[in-house]
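Tertiary structure, described
Residues per chain, in single letters:
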Amino acid sequence: MVYKQDNNGTLQGYGQAFVLSEEQKLDWSDMFYITTRPVALRNMKFWPTSPSTFRDNMDRYSLELTKVASCLWHYIATNLGVAPEVFEQLFKDHPQGLRFNYYPPCPEADKVIGISPHSDGSGFSILLQINDVQGLQIRKDGQWIAISALPNALIVNLGDITEVLSNGIYKSIEHRAMINTQHPRISLVAFHCPDNSLMLRPLPEVVGDGKLNYGSMSYQEFLKAIFNKKLEGKSVIEKLKYCKAKN
Ligand SMILES: O=C(O)CCC(=O)C(=O)O
Ligand SMILES: [Fe+2]
């Protein structure tokens, strides 16, 4: 297949992520992932030329999302009592990846899962449910709650990076996707990520004289920890929680 993933660790192209063994039960979904920003990091080899509108539309969608992201960072910073420039610097150039999820129907939908429970390793993710088929669930107080997407509305899932930077004031949301017995479902998720050089730790401006709730880890190490294991709830960020962290 022309656009299939290379085994070069970038996850771009068609395929499955988080597959670590032959025995592993796979999620009931296909994914297609491209890095969209910074523009210099795009690998056009993975950008389909058919339909002919694809590249242009994704370029425009990606740009519009950065405007939404800027507003959201501004509100989050203000809420945390941090100067917006701090977040602008951490998320400069708006690193962004787009993942298209395709969930085929399954007659035995209760025996499979579309995406295993996880939290996103992003600052936040902006999700568009493309067709009108419900599937996303979030975990709140230990219960799974189905999220119904409003027509044409974007859903924002807070990611692990924001949880750590905010010292736990914001919590990343654990979520999963379920399968429909008859209808396929398609979602498009934009991961808004920090600059690659980030040292992930609670912002001093947020912690002040208070208690530090998370240890520190380079963002690169954090990504390795995520991609070197199966999706499993919030297990990666749990290890960073200060009471369990080694540093
Ligand atoms: O399809 C969905 O609703 C969820 C997708 C998701 O969680 C992801 O791509 O990280
Ligand atoms: Fe997700």
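A brief report on the enclosed structure follows. Model, not experiment: these values are computed from the prediction.

A word on the sheet that holds strand β9 (residues 175–177)
Here we have 4 strands laid out as an open sheet, ordered β4-β9-β6-β7, and antiparallel in their pairing. Lying at the two open borders of the sheet, with one neighbouring strand each, are β4 (115–118) and β7 (143–146). Ignoring strand direction, the axes of neighbouring strands in this sheet form an average angle of 25°. Pairing geometry for strand β6 (residues 136–140) and β7, over 4 bridges, is antiparallel.

A word on the environment of Ala40
Along the polypeptide, Ala40 turns up in the loop between β2 (30–37) and α1 (54–80). The exposed category is assigned to Ala40, whose relative accessible area is 76%. Between the C-alpha atoms of Ala40 and Ser187, which are 147 residues apart in sequence, the distance is 25 Å.

Some details on the site of ligand 1
By nearness alone, 13 residues border ligand 1, and Arg99, Tyr103, His175, Arg185 and Ser187 come closest of all. Of all the secondary structure elements, the ones that give two or more residues to the shell around ligand 1 are β3 (96–103), β4 and β10 (185–192). Sorting elements by how many residues they give to the shell around ligand 1 places β10 first, with 4 residues. Here the shell around ligand 1 is built from residues that sort into 6 nonpolar, 4 polar and 3 charged.

Points about the sheet that holds strand β1 (residues 13–15)
Backbone-to-backbone hydrogen bonds pair the strands of a sheet. The strands run either parallel or antiparallel. Sheet architecture is open: 6 strands sit in the order β1-β2-β3-β10-β5-β8, paired in antiparallel fashion. Strands with a single pairing partner mark the edges of an open sheet, and in this sheet they are β1 and β8 (155–158). The average angle at which neighbouring strand axes cross in this sheet is 20°, direction not considered. Summarising the sheet, β3 and β10 pair through 8 bridges and their orientation is antiparallel. Across the sheet, residue Phe100 finds its bridge partner in β10, namely Leu188.

Structural notes on the coordination of the iron ion (ligand 2)
Six octahedral donors around a metal ideally make angles of 90 or 180 degrees; four tetrahedral donors ideally make 109.5 degrees. At the metal site, the iron ion (ligand 2) is ligated by His118 (NE2), Asp120 (OD) and His175 (NE2), and these contacts range over 2.1 to 2.2 Å. Along the chain, the residues that donate to the iron ion (ligand 2) are spaced as H-x1-D-x54-H. Separated by 57 residues along the polypeptide, His118 in strand β4 and His175 in strand β9 bring together distant segments of the chain. Both residues of the pair, His118 and His175, count as buried.

With respect to a nonpolar patch on the surface
On the surface, a cluster of nonpolar side chains totalling about 240 Å² of accessible area is made up of Tyr102, Ile130 and Ile186. Overall, the relative accessible area of 35% leaves Tyr102 in the partly exposed class.

As for helix α5 (residues 219–227)
Among all positions of α5, only Tyr219, Phe222, Leu223 and Ile226 are buried. Buried residues along α5 cover an arc of 100° about the axis, so they all sit on one side. Its buried side turned inward, α5 meets α3 (160–165), β11 (199–200), β12 (217–218) and α6 (235–240).

Reading guide: rules and limits
- Residues numbered from 1 in each chain as written.
- Chains lettered and ligands numbered in written order.
- Predicted model: local features only at pLDDT ≥ 70, side-chain atom pairs only at ≥ 80, totals over all residues.
- Heavy atoms only, no water.
- Pairing = 2+ DSSP bridges.
- Helix = DSSP H or I, 4+ residues; strand = E, 2+ residues; numbered from the N terminus.
- Axes fitted to C-alpha atoms, helices over the stretch in contact; angles between N-to-C directions.
- Buried < 20%, exposed > 50% of the residue type's maximum accessible area, 1.4 Å probe, protein only.
- Near = heavy atom within 4 Å.
- Nonpolar A, V, L, I, M, F, W, Y, C, P; charged D, E, K, R; others polar.
- Donors = N, O, S within 2.8 Å, 3.2 Å for Na, K, Ca; no water.
- Patch = residues over 30% accessible without salt bridge, like charges linked within 9 Å, V, L, I, M, F, W, Y side chains within 5 Å.
- Areas by Shrake-Rupley, 256 points an atom, 1.4 Å probe, with all protein chains shown as cover.
- Salt bridge = Lys/Arg side-chain N within 4 Å of Asp/Glu carboxyl O.
- Arc of directions from axis to C-beta.
- Contact = heavy atoms within 4.5 Å.

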